[in-house]
Amino acid sequence: MGTSRWRGLVNSGPRRPRAFTQDTAQVLALDKKTRQLRYLPAGEGNGEMEPGVTWRDHVARGMLLCPAPDCGLPFGRVVAGGARRHHFAHRPGEGEHDDGTGPETLWHLSAKDVLARWAETHPDLADWTLHLDDTPITLPDGWRRPDVLAVSPDGIKVAFEVQYSALTGTDWKARHDFYAKAGVVDIWLFAHHGPQWRPATTQQRRRAELVWHDPDWAATVQLSGLHQTMLQHGVIPLWLDPTTQMVGTATTRVHPANTSPGERLWEDAAYTLPPRRVFPACHVAADPLEQCDVDLAARELLTPARRVHHEERDRLQEDEQVAQERAARVRACQEERTRRRRAAEQDKRRAIAARAAEEQAEREKREQEELRQKEEERAAAEARQKMPLAQQFPPVFEQEPPSPPKPPWWKPWQRRA
Ligand SMILES: [Zn+2]
């Protein structure tokens, strides 16, 4: 097989941390002094938080608090070492909340923080103003407060909604329409656990569109009614894993409709979830948040996976155009052939008709000739009837040929002769 487009475009670079593993490691801590959230990068548990101060020192001094709203206790230690991702942990017996079912709000908080940090450092959003949870978008018929709102110097607004709780498609549509009406680009990111993250069933994994799997696709999840509604409106569902700072893009490979027989379907087929088709599940392609951009024209978060989607779509459209042109050429050729055949048939028919007309004319001429002869004969017969019988039947009334004059009796010599 040829190299996958996906691999060529996305899998270049160093190995990334495994995302969307439902890891509940606490990687965010509230700095007691600055009241800012601090993010512990992967593998940095033994490293320095700031020059001269290690994470461990800071924790030991009780300066890093648990950001969970109903907790707020200082973390007891930094877990660094072994296969697990480095993270903060409470002392034994404290912080009963981080047992894997942790409060949604903590993840919500982490996600918002991760998003805000990303937006702050993104070169495209350098001079934009960021609002966290504090600036409502108002319209005459209501208001909404996005989780993160980025406002450009010239007034372009991008709202990031981090959705952790359950939401119906109808509600999402209403909110999406609200933002559209307010002229705000809305970007929706779902939780990597809870009601917005349901791993696909074995039966769903066996579906044709999910058979092909890229090793770097982090997971296979069910597409809920909400996700289906989004797809119908051309919005591809995204998930955010704040622990690894990865964004998941709903993706799958589907048969392009116009694949000709014999073509290898799974190698170069499309990588997108076309709208107006219902898929019960999809793969999730994980990309680092730092590689994502806001596409204002397409009104979406352009993840590397989405870039591949767009390229694939363009390529498919090109292929389709080529196929259409080829079909048009074939059709024109066939039409030309048909036209020629028809013309030839018509010529043949015309020739046959001409010959038939000729024959008809000859026949008529012959008939007229015969008629004329008959007429003549009849006229002759009539004329003959009017003649004296001697003329009508000459042989019957033919005169004896005059006998030679008899020699007179006085010329016996003549008689003798
Ligand atoms: Zn806690």
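Residues numbered from 1 in each chain as written. Predicted model: local features only at pLDDT ≥ 70, side-chain atom pairs only at ≥ 80, totals over all residues. Heavy atoms only, no water.

Engineer: Please explain the overall build of the chain as it appears in this structure.
Structural biologist: Helices and strands together make up the secondary structure of the chain, namely 10 helices and 19 strands. The burial tally for the chain puts 39% of its 417 residues in the buried class. For the chain, the proportion of contacts with a sequence separation of at least 24, taken over those separated by at least 6, is 62%. As displayed, the chain has an accessible area near 24800 Å², and 51% of this comes from carbon and sulfur atoms. (Helix = DSSP H or I, 4+ residues; strand = E, 2+ residues; numbered from the N terminus. Buried < 20%, exposed > 50% of the residue type's maximum accessible area, 1.4 Å probe, protein only. Contact = heavy atoms within 4.5 Å. Areas by Shrake-Rupley, 256 points an atom, 1.4 Å probe, with all protein chains shown as cover.)

Engineer: So what exactly am I meant to see when it comes to the pattern of salt bridges here?
Structural biologist: Where charged atoms of side chains with opposite charge meet at close range, the side chains can pair. Tallied over the full model, the rule gives 15 salt bridges. Salt-bridge contacts for Lys 173 lead to Asp 177; the nearest nitrogen and oxygen are separated by 2.8 Å. One end of the pair is Lys 173 and the other is Asp 177, both in helix H4 (residues 169-181) and 4 residues apart, which spans about a single turn. Two residues, Glu 376 and Arg 372, come together in a salt bridge whose shortest N-O distance is 2.6 Å. In this pair, Glu 376 and Arg 372 both sit in helix H8 (residues 304-386), 4 residues apart, roughly one turn of the helix. It is possible to trace a salt-bridge network through shared partners that takes in Asp 31, Arg 38 and Glu 50. (Salt bridge = Lys/Arg side-chain N within 4 Å of Asp/Glu carboxyl O.)

Engineer: Just to check I follow, could you spell out the packing of aromatic side chains for this structure?
Structural biologist: In this description, a pair of aromatic rings is defined by centroid distance and the angle of the planes. In the structure shown here, the tally under the stated rule is 8 aromatic pairs. Note on Trp 55 and Phe 88: the rings are 5.8 Å apart at their centroids and 55° apart in plane angle, and the pair reads as tilted. Pair noted here: Trp 55 is in helix H2 (residues 55-60) and Phe 88 is in strand S7 (residues 87-89), with a separation of 33 residues, a long-range link. Neither Trp 55 nor Phe 88 differs from the other in exposure class; each is buried. With 5.6 Å between their ring centres and 90° between their planes, Trp 409 and Trp 410 make a pair best called edge-to-face. Members of the aromatic cluster, connected to one another through ring pairs, are Trp 55, Phe 75 and Phe 88. (Phe/Tyr/Trp six-rings, centres within 6.5 Å; stacked < 30°, edge-to-face > 60°.)

Engineer: Explain the side chain of His 176 to me, please; I cannot follow it from the model alone.
Structural biologist: On the secondary structure map, His 176 appears in helix H4. Non-local contacts of His 176, meaning those with residues more than four positions away in its chain, are made with Asp 186 and Val 235.

Engineer: Which parts of the structure should I look at to understand the environment of Asp 124?
Structural biologist: Structurally, Asp 124 can be placed in the loop between helix H3 (104-121) and strand S8 (129-132). For the pair Asp 124 and Ser 152, spaced 28 residues apart in sequence, the C-alpha separation works out to 9.9 Å.

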